[in-house]
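Coordinate analysis (summary)
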Amino acid sequence: MGIFVLTNVRMFGGGCDFTARSNKVELAAEFESKESTTFASAGWKEFMAGLGSAALAAEGFWEAGDTGMVDDDAWASMGSVGGYTVCPHGAAVGDLAWTLNALRAKYKLGGQVGDIAPFSTAVSSSWPLGRGKVLHPPGTARTATGSGTAVELQATATGQYLYSTLHVLSVAGTSTPTLTVRLQSDVDNTFGSPTTQITFSAATAIGGQISRVAGPITDTWLRGDWTISGTNPSFLFVLAAAVK
């Protein structure tokens, strides 16, 4: 990916797709800089990394009315920890994705008379920021059990984690439509002998989940796999995986 203009940032939190509601998204990560200078430092200060942290902030236009809108999602998740996914340039399969498990610490709404009603929100990390790829896009409805496209990602080394976020954006059907999503890995893109690394809780409503599994995982190919049940079920969801 070369230089580009921010016109198609995709952000997902819980079961909310912020894309059509937001016009500013900022993601930041840092480590505390701890001085470790000694008499053997040859007259130069020395530093080492302390605690790491990450933060995500977004602004845009306020909406309310169902669990997939900004106000409903922000109010429900205030003070709680959940999964977030940010894609800087689209959310097609294989696109770059950043994942974060974070505390919803800030929510602000309202402005001056005559303004389009604005909102702003911010979250603070509880797990490391992960860098990975989209495994399932938000615009493809699934109505039956199946598997997604294989995507290559780096191996997960000892001391690292494989992270995955799931955002269920819409649910339709009767007789309790249910979606159970799994993150699978294999040695190549044929998935002749897949290994299930993560199984998300069965989803029957709009919402989000995040999970992780410790390395080492030598497989470098990943895909989503799902089971769907109910009468006339249909789900829109986003699945991403990342390593840190």
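Heads up: the structure comes first, above all this text.
The notes below deal with the structure included here.

1. Quick notes on the pairing of strand 14 (residues 221-243)
Taken together, the 5 bridges between strand 8 (residues 130-136) and strand 14 define a ladder with antiparallel strand orientation. What sits directly across from Lys133, in strand 14, is Ala241. Strand direction decides the pairing type here: strand 9 (residues 146-147) and strand 14, joined by 2 bridges, are antiparallel. Counted as the bridge partner of Gly146 is Trp226 from strand 14. Note that strand 10 (residues 151-152) and strand 14 share 2 bridges and pair antiparallel. The residue of strand 14 that forms the bridge with Val151 is Leu222. One ladder, built from 20 bridges, connects strand 11 (residues 161-186) with strand 14; its direction is antiparallel.

2. Things to note about helix 1 (residues 70-77)
Buried residues of helix 1: Val70, Asp71, Asp73, Ala74 and Ser77, and no others. Angular distribution of buried residues about the axis of helix 1 spans 165°; they occupy a single face of the element. In helix 1, the exposed positions that point more than 90 degrees away from the buried face belong to Trp75 and Ala76. Contact partners of the buried residues in helix 1: strand 1 (10-13), strand 2 (16-17), strand 4 (47-61), strand 5 (81-87), strand 6 (96-109) and strand 7 (118-125).

3. Considerations on the packing of aromatic side chains
Under the criterion given, the structure shown has 4 aromatic pairs. Arranged with centres 5.9 Å apart and planes meeting at 50°, the rings of Trp127 and Tyr163 form a pair that is tilted. Taken as a pair, Trp127 in the loop between strand 7 and strand 8 and Tyr163 in strand 11 lie far apart in primary sequence, 36 residues in all. The interplanar angle of 45° and the centroid separation of 6.0 Å between the aromatic rings of Tyr161 and Tyr163 together place this pair among those described as tilted. Residue Tyr161 is classed as partly exposed on the basis of its relative accessible area, which comes to 29%. Ring pairing ties together the aromatic residues Trp127, Tyr161 and Tyr163, which thus form one cluster. Over the aromatic face of Trp127 sits the side chain of Arg212, whose NZ or CZ is 4.2 Å from the ring centroid.

4. Observations concerning the pairing of strand 4
As paired strands, strand 3 (residues 22-35) and strand 4 are joined by 12 bridges and run antiparallel to one another. Bridge pairing in strand 4 links Phe31 to Gly52. Inspection of the sheet shows strand 4 paired to strand 7 by 7 bridges, in the antiparallel sense. Residue pairing across strands places Ala55 opposite Ser124, the latter belonging to strand 7.

5. Here's the deal with the nonpolar core
Counting residues in each nonpolar core, the largest one holds 21 residues, and the members touching the most others are Leu179, Val181 and Phe237. Contributing elements (two or more residues each) for this core: strand 11 and strand 14. If you tally residues by element for this core, the top one is strand 14, at 8 residues. Beyond its immediate stretch of four places on either side in the chain, Val181 contacts Leu166, Ile198, Thr199, Phe200, Asp225, Trp226, Phe237 and Leu239. Core analysis: the next-biggest nonpolar cluster, separate from the first, contains 16 residues, Ala74, Tyr84, Tyr107 and Leu129 among them.

6. Side note on the pattern of salt bridges
All chains considered together, the criterion is met by 6 salt bridges. Across the pair Lys24 and Glu26 runs a salt bridge, and its minimum N-O distance is 3.9 Å. Judged by relative accessible area, Lys24 falls into the partly exposed class, the value being 38%. With a closest N to O distance of 2.7 Å, Asp225 and Arg182 form a salt bridge.

7. Re unusual backbone geometry
Residue Pro216 is reached from Gly215 by a cis peptide bond, and omega for that bond is 10°. Mapped onto the fold, Pro216 is located in the loop between strand 13 (207-214) and strand 14. The backbone phi angle of Thr176 is positive, close to 55°, even though this residue is not glycine. Its relative accessible area of 54% is what places Thr176 among the exposed residues. Residues other than glycine seldom take positive phi values, yet Asn232 does so here, at roughly 50°. Here Asn232 shows up in strand 14.

The rules behind the values
Residues numbered from 1 in each chain as written. Predicted model: local features only at pLDDT ≥ 70, side-chain atom pairs only at ≥ 80, totals over all residues. Heavy atoms only, no water. Pairing = 2+ DSSP bridges. Helix = DSSP H or I, 4+ residues; strand = E, 2+ residues; numbered from the N terminus. Buried < 20%, exposed > 50% of the residue type's maximum accessible area, 1.4 Å probe, protein only. Arc of directions from axis to C-beta. Contact = heavy atoms within 4.5 Å. Phe/Tyr/Trp six-rings, centres within 6.5 Å; stacked < 30°, edge-to-face > 60°. Lys NZ or Arg CZ within 6 Å of the ring centre and 35° of its normal. Core = buried A, V, L, I, M, F, W, Y, C linked by side-chain atoms within 4.5 Å. Salt bridge = Lys/Arg side-chain N within 4 Å of Asp/Glu carboxyl O.

Purely geometric stuff here, so don't read any function into it on its own.
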